[in-house]
Amino acid sequence: SGVDFAGWQFPKGHDGHWVAKDWVIAYDGRSAAEDKDLWTDKAYGDFTLILDWRWMDDAVPAVAPLPIRFGGGRIEELPDEARNAIGSALIASTTKGQWHRAIVTKRSGRLTIAVDGKNLLKDVPVPGLERSGRIALRHDGRSVEFANVFVRE
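Residues numbered from 1 in each chain as written. Predicted model: local features only at pLDDT ≥ 70, side-chain atom pairs only at ≥ 80, totals over all residues. Heavy atoms only, no water.

**Regarding the nonpolar core**
Move 1: Membership of the largest hydrophobic core comes to 28 residues, with the highest contact counts inside it found for W18, I25, W53, I113, L137 and F146.
Move 2: Only β3 (24-27), β5 (47-55), β6 (68-70), β8 (100-107), β9 (110-115), β10 (118-125), β11 (135-137) and β12 (144-152) provide two or more residues apiece to this core.
Move 3: Element by element, the count of residues in this core is highest for β5, at 5 residues.
Move 4: Contact partners of F146, with chain neighbours within four places excluded, come to W18, W23, V24, I25, L51, D52, W53, P67, W99, L137 and R138. (Core = buried A, V, L, I, M, F, W, Y, C linked by side-chain atoms within 4.5 Å. Buried < 20%, exposed > 50% of the residue type's maximum accessible area, 1.4 Å probe, protein only. Helix = DSSP H or I, 4+ residues; strand = E, 2+ residues; numbered from the N terminus. Contact = heavy atoms within 4.5 Å.)

See below:
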């Protein structure tokens, strides 16, 4: 909700690093928790995830991965062609403070991903994708903010 962390696993090491403020969930890049990602309490099978994010560090890389994980895996663990499509679409849009929107649909071991209105993957089979798992907001050690996080089963 941006107001609290109801529905999220919030280990002790996240205190002061993952912060809910106004309508934003912010992360400063320095959690002391063993797993620094913020995971949902609930595991999801097939779902559609919508979220907005923006990188807040001055040193934003030329290619920044999508800041989400699900089922214990990372988006960049996709097949090479899928990973390259995602990276190519983000090269020109990783400006500090610029909001981005991702829509991820996982259905029957297949993924559809759109970022900023551009379809990056459409119904691509992903071998080894878990049937059900929790969803994480991730950060790669950089400051990041999230907003408008919605999951529909």
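**Notes on the sheet that holds β8**
Move 1: Spatial ordering of the open sheet is given by β2-β3-β12-β5-β8-β9-β10, a layout of 7 strands whose pairing is antiparallel. Of all the strands in the sheet, just β2 (18-21) and β10 have a single pairing partner and so form its edges. Strand-to-strand twist in this sheet, taken as the mean axis angle between neighbours without regard to direction, amounts to 20°.
Move 2: Two strands pair when backbone bridges link them, and β5 and β12 are joined in this way by 7 bridges, in the antiparallel orientation. Counted as the bridge partner of D52 is A147 from β12. (Pairing = 2+ DSSP bridges. Axes fitted to C-alpha atoms, helices over the stretch in contact; angles between N-to-C directions.)

**Quick word on the packing of aromatic side chains**
Move 1: Summed over the entire model, instances satisfying the criterion amount to 5 aromatic pairs.
Move 2: Taking the centre distance of 6.1 Å and the plane angle of 25° together, the rings of W18 and F146 count as stacked. In this pair, W18 is assigned in strand β2 and F146 in strand β12, connecting sequence segments 128 residues apart. Grouping residues by exposure puts W18 and F146 together as buried.
Move 3: Note on W23 and W99: the rings are 5.6 Å apart at their centroids and 35° apart in plane angle, and the pair reads as tilted. (Phe/Tyr/Trp six-rings, centres within 6.5 Å; stacked < 30°, edge-to-face > 60°.)

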